[in-house]
Amino acid sequence: MSRWKTSLAKIPSPVRRYGLAILTVAIALGAALLLASYGFLGVAQPLFLLAIAITVWFVGPGPAILAFVLSTLADDYFFIEPRYSLLIERSGVPHLVIFILIALLLTWFSAIRRRIERELRQSRDELEREVAVRTQQASLLNLTHDTIFVRDVSDIITYWNRGAQELYGWTPEQAVGKRSHDLLRTVFPAPIDDITAELLRTGRWEGELKHVKADQTEVVVSSRWSLQRNEHMSPIAVLETNNDITERKRGEEEVRNLNQQLGNRTTELEAINKELEAFAYSISHDLRAPLRHIVGYTELLQKNASSLLDEKGRRYMATILESAKRMGTLIDDLLAFSRISRAETRETMVSLEQLVKEVQSELWHETEGRNIIWKVGPLPDLYGDRSMLKLALVNLISNAVKFTRTRPQAEIEIGCNDGQKDGMVVFIRDNGVGFDMKYVNKLFGVFQRLHRTEEFEGTGIGLATVQRIIHRHGGKVWAEGLVGSGATFYLSLPKP
Amino acid sequence: MPTIGRILLVEDDPRDVELTMTALEEYNLSNEVVVAVDGEEALDYLFCRGKFQRRTSENPAVLLLDLKLPKVDGLEVLQQIKSDEKLRMIPVVVLTSSREERDMIASYKLGVNAYVVKPVDFHEFVNAIKELGVFWAIINEAPPGSIKKK
């Protein structure tokens with residue numbers, strides 16, 4: 001059967017169509033002749049009409065006309081008197097005319113019918129294609145993670161994509177047909193009338209909305225609405241695209257809170273700083289006055305009553321004076337130290353080499369008459385507060401001078417390792433008395449001393465000052481030492 | 001015998017007053033010292049008000065002014081002196097315990113003539129006071145209208 005169909009398909013289409021016309025007429029003629037031989041006359045015309053009808057139905061009006069012509073000729077030749085002749089008697093004319101009219105009518109009706117059917121089929125096909133495209137587009141909308149839904153002018157949801165389902169937890173079946181603002185319990189940033197007015201005026205609206213999900217949790221979305229209008233420009237639907245910005249909002253909120261806290265902390269710190277300043281001010285004024293009185297009156301006593309005192313008494317007075325003076329120095333040092341943290345830094349490019357030279361010459365009264373070998377390597381320039389950095393160097397270098405005092409030949413080396421990745425390390429090395437590494441963590445504490453005052457003078461504020469200055473410059477300070485073999489102090493400073 | 005100008009010492013602490021007087025005695029300057037124990041009293045003296053209503057209206061040759069004072073503080077006193085037409089010529093020396101930079105800056109901005117930090121060491125203190133006294137009360141030519149003693 002199928003082989004027959006394929007071999008049929010090989011025949012060119014016009015031949016097939018007209019062939020069918022000839023074939024049907026031939027069959028009709030054969031059947032009519034057969035019936036006529038059995039005495040059934042008068043069936044020829046319906047048979048020919050049937051042949052024409054079949055032809056027009058299956059292969060169209062062209063072949064049908066051929067079938068019609070053939071049928072007319074065959075009818076005339078075989079069945080209209082005089083038979084077996086194409087001549088027509090007068091009595092046969094109406095017969096033939098009726099036949100022709102009916103055949104034409106049939107052909108015409110059939111052709112119209114066929115055309116309507118073809119058009120119907122075409123529009124059905126178009127519709128199907130359209131539906132296929134739309135379905136594909138809709139499924140594409142489902143691919144996106146963005147939340148998209150469509151609602152009509154009365155706010156009824158008509159489309160609900162997968163993103164919407166993922167965000168809100170409502171399935172399309174649950175959502176479609178509901179009023180969107182009821183379903184999502186929308187909280188608008190502005191009166192809804194204003195929003196609607198903007199939407200109608202510009203065709204779009206953007207803003208942040210609060211929605212409630214199916215699980216009753218709240219979500220903040222960045223929402224974009226687009227208005228769809230029909231050909232008469234009346235609004236018919238709104239496409240709403242929403243992005244979940246809850247996390248971002250929470251982040252923003254957190255940042256705001258942190259800033260607030262930071263602001264509070266800053267205010268607190270400022271208050272503490274003010275307090276510290278007031279404290280230092282009052283120390284500066286009030287703590288010194290009694291000291292001055294102790295010293296003053298002891299001096300007066302020494303001057304006026306020293307003859308009344310014995311050796312012991314005079315020694316006591318000398319000790320009072322010495323202690324009071326030492327306390328004066330301590331107060332001054334402490335105030336200077338606290339000033340370092342309070343003072344504003346004025347940063348410029350500073351040449352360390354130049355600074356070291358200045359410090360060396362300022363320490364002349366301590367180095368005079370001493371045998372000191374200085375090894376000052378090339379030193380870098382850096383960005384910092386000149387006077388503070390100088391103070392740090394004064395402390396470190398005068399320490400080196402002080403603690404090498406017992407050496408017949410002092411060696412003080414100042415250099416720089418520039419090879420570090422994120423900074424440079426300046427070191428000050430001496431061959432002095434050194435220190436025990438087990439006390440290294442005490443070295444930089446305020447008023448911490450590793451030597452008795454009788455051995456080496458000092459208040460123990462110098463290295464604390466150094467540390468504070470270097471910290472304020474974003475650097476670090478540490479030390480290495482060995483009792484009897486000298487000490488090395490390192491400063492790491494960020495590169496300019 | 002040189003003329004000695006009157007010194008107005010504004011100082012609330014009696015011990016400081018005594019030590020200062022001791023230092024000034026050596027040059028016999030102490031007799032010409034008037035002591036005001038707070039800023040208000042100093043202003044009363046200068047403007048001849050209150051208990052100083054009857055004093056002669058001449059100005060002191062120099063004012064030794066402490067900064068931390070009860071009632072009206074030293075900077076306020078200084079500000080009032082320097083904004084008064086009649087008093088602004090009086091030399092004012094701030095004599096204070098404090099080495100605070102902001103006090104120093106504020107004083108100079110108000111037009112102070114000298115700023116001295118009282119040394120803790122007594123000898124230094126005595127020397128400083130003596131030199132101040134000698135300079136301002138004897139060597140310096142006080143502006144016209146100052147109290148002087150032949």
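Look above for the structure.
Residues numbered from 1 in each chain as written. Chains lettered and ligands numbered in written order. Predicted model: local features only at pLDDT ≥ 70, side-chain atom pairs only at ≥ 80, totals over all residues.

J.: Mind showing me how you'd approach the overall build of chain A here?
T.: In terms of helices and strands, chain A carries 15 helices and twelve strands. By the burial criterion, 23% of the 496 residues in chain A qualify as buried. Contacts in chain A between residues at least 24 apart in sequence constitute 59% of all its contacts with a sequence separation of at least 6. (Helix = DSSP H or I, 4+ residues; strand = E, 2+ residues; numbered from the N terminus. Buried ≥ 20, exposed ≤ 12 C-beta atoms within 10 Å, placed from the backbone. Contact = placed C-beta atoms within 7 Å.)

J.: What am I meant to see in the interface of chain A and chain B here?
T.: As a measure of interface size, the accessible area lost when the parts come together is often cited. Residue-level contacts link 14 residues of chain A with 15 residues of chain B. When contributions to the side of chain A that touches chain B are tallied by element, the ones reaching two or more residues are α10 (246–305) and α11 (311–342) of chain A. Among the elements that take part in the side of chain A that touches chain B, α10 of chain A stands out by supplying twelve residues, more than any other. Residues that form the side of chain A that touches chain B fall into these classes: five nonpolar, five polar and four charged. (Nonpolar A, V, L, I, M, F, W, Y, C, P; charged D, E, K, R; others polar.)

J.: Please clarify how the nonpolar core should be interpreted in this entry.
T.: General note: in soluble globular proteins, nonpolar side chains tend to be found buried as a group. With 42 residues, the main nonpolar core has V10, L64 and L65 of chain B as its most contacted residues. Top element by residues in this core is helix α5 (residues 122–139) of chain B. It accounts for seven residues. Every residue in contact with V10 of chain B, bar those within four places of it in the chain, is listed here: A36, G39, A42, L63, L64, L65, D66, L69 and V77 of chain B. If you look at the next biggest cluster of nonpolar residues, it comprises 35 residues, including A400, I412, L443 and A487 of chain A. (Core = buried A, V, L, I, M, F, W, Y, C linked by C-beta atoms within 7 Å.)

J.: Help me understand α5 of chain B in this model?
T.: Three or four residues apart is the spacing at which side chains of an α-helix point the same way, because the helix has 3.6 residues per turn. Residue and element names in this part refer to chain B. With 18 residues, α5 extends 24 Å between its outermost C-alpha atoms, agreeing within 8% with the 26 Å of an ideal straight helix rising 1.5 Å per residue. For α5, the complete set of buried residues consists of F122, F125, V126, I129, L132, G133, W136 and A137. Along α5, the residues classed as buried sweep out an arc of 135 degrees about the axis, all on the same side. What points out from α5, more than 90 degrees from its buried face, is the exposed set H123, E124 and I139. (Expected span 1.5 Å × (residues − 1). Arc of directions from axis to C-beta.)

J.: When you look at the sheet that holds strand β2 (residues 7–10) of chain B in this model, what are you seeing that I'm missing?
T.: Sheet strands line up and pair through hydrogen bonds in the backbone, either parallel or antiparallel. Residues and elements named next belong to chain B. Ordered by their spatial adjacency, five strands build an open sheet running β3-β2-β4-β5-β6, and the pairing between neighbours is parallel. Where the open sheet ends on each side, the last strands, each with one partner, are β3 (33–36) and β6 (114–117). Sheet twist, expressed as the average angle between the axes of neighbouring strands with direction ignored, equals 20 degrees. Across three bridges, strand β4 (residues 62–65) lies against strand β5 (residues 92–96) in parallel orientation. If you follow L65 over to β5, its bridge partner there is V94. (Pairing = 2+ DSSP bridges. Axes fitted to C-alpha atoms, helices over the stretch in contact; angles between N-to-C directions.)

J.: So what exactly am I meant to see when it comes to α10 of chain A here?
T.: Look at α10 of chain A: 85 Å from first C-alpha to last across 60 residues, which is about the 88 Å you get at 1.5 Å a residue. Where α10 of chain A bends most, the angle comes to about 30 degrees, and this point is I283 of chain A. For α10 of chain A, the full list of buried residues reads S284, R288, R292, I294, V295, G296 and E299 of chain A. Contact partners of the buried residues in α10 of chain A: α11 of chain A together with α1 (14–25) and α5 of chain B. (Bend = angle between axes of the 7 residues up to and from the residue.)

It is worth stressing that arrangement in space is one thing and function is another; only the former is reported here.
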